[in-house]
Amino acid sequence: MGLEQRPIVIVKKIKKAGHAHHGGSWKVAYADFVTAMMAFFMVMWLVGLDDNTRRHIEEYFSHPTGYHVGQSSGDSPINAGPSPNSDGTVRFNLIVRRSETIAMEEVADKIQARLDSLAAGMQSPKVEIVVGEDGLRIELLESGDGETYFPRGSAHLQQSARVALEVIGGELGALRNPIILEGHTDAVPYGRNAQYTNWELSADRANAARRVLEHAGIAADRLREVRALGASRLRNADQPASAENRRISIILPFLSPKPARSTLADLNVSPVG
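Residue numbers run consecutively from 1 along every chain, following the written order of its sequence. Totals for whole chains, interfaces and linings use all residues, but because this is a predicted model, local features are given only for residues with pLDDT of at least 70 and pairs of side-chain atoms are given and counted only at 80 or more. Each side-chain value is derived from all of the structure's non-hydrogen atoms; neither hydrogens nor water enter the calculation.

1. With respect to the overall build of the protein chain
Inference 1: In terms of helices and strands, the protein chain carries 7 helices and 5 strands.
Inference 2: Helices and strands appear in the protein chain in the N-to-C order α-α-α-α-β-β-α-β-α-β-β-α.
Inference 3: Counting across all 273 residues of the protein chain, residues that qualify as buried make up 35%.
Inference 4: Expressed as a percentage of contacts within the protein chain between residues at least 6 apart in sequence, the contacts between residues at least 24 apart total 70%. Comment: elements are numbered from the N terminus, with helices defined as DSSP H or I runs of at least four residues and strands as E runs of at least two. For each residue, the accessible area found with a 1.4 Å probe, counting protein chains only, is set against the maximum for its type, and the residue is called buried under 20%, exposed over 50%, and partly exposed in between. The contact definition used throughout considers only heavy atoms, calling two residues in contact when any of these lie within 4.5 Å.

Here it is in structure tokens:
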């Protein structure tokens, strides 16, 4: 058979498509998409904030443990309080308040642990430590059973009280909050015509505690107030002569403002403290 009579044969190769791969690559792509969307909404949120708020957020997240709110009330959204048209400022206030609360609780635990270890080897007066809505409050209480901070009618610190104050001062150095000292006495008067009264006594005792705290490393500019309250704020008003009325109070107020509960309810956020 000649070449011109040979049949033409066309070979077609059909390539079958394989089954789709069911690995985890789609998860990576989806995660990238979610991350991109989160970043987009974060940028949109930041764009809606005022310049001061953005600046403080940047400072806080750059160095959260060392963040310090400025003393000027005019340039800080923390001192100025929640903005009436900015939920971002309120939420940032909450972040700072929670950070402060956690830091205070950690310091309170360290103080209590050190005082407990000392109590095993020496007779030590009672110390009450509370982190509440207004900040950290430390109360050095007399018990009336021989454990005292000062001899009756005197501003001379006993040795056990001095050690307790040194421990407290050493741990408070980890915080930046200002410190307020209060001196309290019972309601037993010195005498009708006495020139030295419970007012002078409470002032002298508060200043004695201040000197120990400064010696323990507390900077003088953190000690904002030394209050002489005498018997005006009795801890046990039913027993004006009770030993627990004789006390020294160390108060560290929050730097951030107290969150407004009405605003928090609108944002569906629970208050701290």
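Additional details are given in the paragraphs that follow.
2. Structural notes on the packing of helix H5 (residues 159-172) against helix H6 (residues 198-215)
Inference 1: Every axis corresponds to a line fitted to the C-alpha atoms, with the helix fit spanning only the stretch in contact, and the corresponding angles, defined between N-to-C directions, vary from 0 to 180 degrees. Remark: H5 packs on H6, axes separated minimally by 8 Å, with the N-to-C direction vectors making an angle of 50°. One way to sum up the angle between H5 and H6 is to call them oblique. By crossing handedness, the relation of H5 to H6 is classed as right-handed. Residues Arg162, Leu165, Glu166 and Gly169 of H5 form the contact with H6, whose own contacting residues are Ala209, Val212, Leu213 and His215. Should an angle fall under 35 degrees it is taken as roughly parallel, and over 145 as roughly antiparallel, whereas 65 to 115 is taken as roughly perpendicular and any remaining angle as oblique. Note on convention: the crossing is left-handed when the near helix lies turned anticlockwise from the far helix by less than a right angle, right-handed when the turn is clockwise.

3. Let's talk about the packing of aromatic side chains
Inference 1: Aromatic contacts are taken between Phe, Tyr and Trp rings whose centres are within 6.5 Å, Trp giving its six-membered ring; a plane angle under 30 degrees counts as stacked, one over 60 as edge-to-face, and the others as tilted. Inspection of every chain in the model, using the stated rule, returns 1 aromatic pair.
Inference 2: With 5.6 Å between their ring centres and 80° between their planes, Tyr190 and Tyr196 make a pair best called edge-to-face.
Inference 3: For Tyr196, a relative accessible area of 32% gives the class partly exposed.

4. Some points on a nonpolar patch on the surface
Inference 1: Together, Trp26, Tyr30, Phe33, Val34, Met37, Phe40, Phe41 and Met44 make up an exposed nonpolar region whose accessible area comes to about 880 Å².
Inference 2: Here Val34 is to be found in helix H1 (residues 25-47).
Inference 3: Residue Val34 is classed as partly exposed on the basis of its relative accessible area, which comes to 37%. The patches reported here contain residues having more than 30% relative accessible area and no salt bridge. Joining distances are 9 Å for like charges and 5 Å for nonpolar side chains (Val, Leu, Ile, Met, Phe, Trp, Tyr). Calculation of accessible area relied on Shrake-Rupley with a 1.4 Å probe; when residues are assessed, cover is drawn exclusively from the protein chains displayed. For this analysis, a salt bridge means a side-chain nitrogen from Lys or Arg found within 4 Å of a carboxyl oxygen belonging to Asp or Glu.

5. Focus on the side chain of Asn198
Inference 1: As for its placement among the helices and strands, Asn198 is situated in helix H6.
Inference 2: Looking at Asn198, the relative accessible area reads 13%, which means it is buried.
Inference 3: A distance of 3.1 Å separates a polar side-chain atom of Asn198 from the backbone oxygen of Val188.
Inference 4: In contact with Asn198, other than residues within four places in its own chain, are Thr185, Asp186, Ala187, Val188, Pro189, Tyr190 and Gly230. A 3.5 Å cut-off defines polar contacts: any pair of N or O atoms within that distance qualifies, except that in protein one atom must be a possible hydrogen donor and the other a possible acceptor, and neighbouring residues in sequence count only when both atoms are side-chain atoms.

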